Amino acid sequence: MAIPTVNELWRKVLYTYEEAQNRGAAYQTDTNTELLNDENLGVEFVLRAAKALRDKPKPPKDRDDQAEVKNPFLPYEEDLFVAHLSNTHLLLLNKFNVVAHHLLVVTRQYESQSDLLSAADLDAAWTVLQAMPEGGVAFYNAGEVAGASQPHKHLQVVPLPLAEGLGSDPPFTHRVRQATSRARAPPLIMVELRHLPWQTYACDLPQDASQVDGDVLHAAYKRLLGACLVQNATCDAYNLVLVRSFMMLVPRSKAMCGPASLNSLGYAGTILVRSQEELEFVREHGPMRLLQYCGIPWKTIPGSV
Ligand code: B4P
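Residues numbered from 1 in each chain as written. Predicted model: local features only at pLDDT ≥ 70, side-chain atom pairs only at ≥ 80, totals over all residues. Heavy atoms only, no water.

S.K.: Which residues make up the site of the ligand, and what are the values?
M.R.: Within the structure, the ligand sits among 28 residues, and Asn94, Ser149, His154, Gln156 and Arg274 are positioned closest to it. In the environment of the ligand, an oxygen atom lies 2.8 Å from a nitrogen or oxygen atom belonging to the side chain of His154. Here Arg274 contributes a side-chain N or O atom positioned 2.8 Å from an oxygen atom of the ligand. Protein contacts shield 94% of the accessible area of the ligand, which totals 860 Å² for the unbound molecule. Those elements that place two or more of their residues in the shell around the ligand are β9 (154–159) and β16 (270–273). Among the elements that make up the shell around the ligand, the one with the highest residue count is β16 (three residues). Class assignment of the residues belonging to the shell around the ligand gives a composition of twelve nonpolar, ten polar and six charged. (Near = heavy atom within 4 Å. Polar contact = N/O pair within 3.5 Å; in protein donor to acceptor, adjacent residues only side chain to side chain. Areas by Shrake-Rupley, 256 points an atom, 1.4 Å probe, with all protein chains shown as cover. Helix = DSSP H or I, 4+ residues; strand = E, 2+ residues; numbered from the N terminus. Nonpolar A, V, L, I, M, F, W, Y, C, P; charged D, E, K, R; others polar.)

Set out below in C-alpha cells:
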C-alpha cells in the first residue's frame, strides 16, 4: 500500500477531484453564498444556499431497511478514492460536495460513527489539514443529533477559506483566542467558552505543527470530552471541529432548529440551507439563535472564562 507524502497528497486531491467531476462520479452543488454578521456574537457567518440538495437520497432511519442499505464507504466508489492515509484510514472525495475538494477521512474497516475518535482517526485528519495549502476545517458529526447521516465512521475536511474573500482563519477563531488568552491557557489546555450561550470546549494547538500528532490530538480531545462530561451526564452527540490552530467540541441537544439542520460546520461558522424557507428562517432568527437552540446551555458549575 503506497502512502503519499503530505506534499503529494494535495496534488492527488486536485487530480482526483477534477477527474471525478468530469466523469460525473462526484457532483458539486451550486450555492449562493452570503455573509451574515451576527452582531450578538461578533462572528461573520457564511450562509450557503443550495436548493438542489433537497433531492439527494437520505439513508432510511428504519433498522430493517438499514440492513439492506449499501455502505457508501465499504466498498467505496473507485472514482472517489484519493489515497491511503495510513494502515487504518483512507481519503475519499465527498460525492455530494458543496465546496470544492470536500474530503472524507474514512476507516478502512467498519467502525461506528457513534464510537469515540481514536488517535489514528485524528492523526489521519491532521495529515489532510497539513496538506491543504491554506489549511482546512476537519470535523466529526458524532451521532445523528449532531448531523451524522452515514453510520460508518468518517471525519470530513473542507479547505479554507470557507468562502471567497474570507481570510484563512475560520469565523470562530477569535472567540477561541479570546477565551484562551483570558484564561492564560497554554496550548492543549482546555478552556470553556463561557461568553457563548451554548456549551463549547476548546484548546489552542501548538504553533509548531511538528509537535502535534494523533496522540497529542487524542489527549486534547479526551480533555474536551471530559470537561463536557462534568457538565452533562452523557456526551453522545457532539460536533468536533479541528483546525491547525485549535480544537473545539460542542455537545448537541437537537439536530434541527425549525426547518434548518446543523452539523459541525454550523459551529465552525458556516450554515448550509437547502430551500428558500430555510434561508428566510436563518436570516430572520440569526445564526446565534440556531446554534443556541441546537446546543446545550451552560450549567452553574464554576470555572468559567
Ligand atoms: P455525515 O456526517 O453523515 O453528514 P453531513 O456531512 O451533514 O451530510 P449529509 O449526508 O447529512 O447531507 P446534508 O444534506 O446535510 O456525512 C456523510 C458524508 O458522506 C456526506 O458529506 C455525504 O455527502 C457523503 N457521501 C454520501 N454518499 C457518498 C458516497 N457514495 N461516496 C462518498 N461520499 C458520500 O449536506 C450535504 C452536503 O453538504 C454534505 O456533504 C455536507 O457535509 C455538506 N455541508 C453541510 N453544511 C455545509 C456548509 N455549511 N458548507 C459546505 N458544505 C456543507
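S.K.: Provide a residue-level description of the pattern of salt bridges, including the pertinent values.
M.R.: Tallied over the entire structure, the rule returns nine salt bridges. Bridged by salt links that share partners, the residues Glu19, Arg23 and Asp79 form one connected network. (Salt bridge = Lys/Arg side-chain N within 4 Å of Asp/Glu carboxyl O.)

S.K.: Can you break down the packing of aromatic side chains residue by residue, with the values?
M.R.: Aromatic rings in a pair are described by how distant their centres are and how their planes are angled relative to each other. Inspection of the entire model under this criterion finds eight aromatic pairs. Relative to Phe96, the ring of Tyr27 lies with its centre 6.0 Å away and its plane at 20°, an arrangement referred to as stacked. Here Tyr27, found in strand β1 (residues 27–28), pairs with Phe96, found in strand β6 (residues 96–97); they are 69 residues apart in sequence, far enough to count as distant. Residue Tyr27 is classed as partly exposed on the basis of its relative accessible area of 42%. (Phe/Tyr/Trp six-rings, centres within 6.5 Å; stacked < 30°, edge-to-face > 60°. Buried < 20%, exposed > 50% of the residue type's maximum accessible area, 1.4 Å probe, protein only.)

Everything listed here is a matter of coordinates, which is why it stays silent on function.
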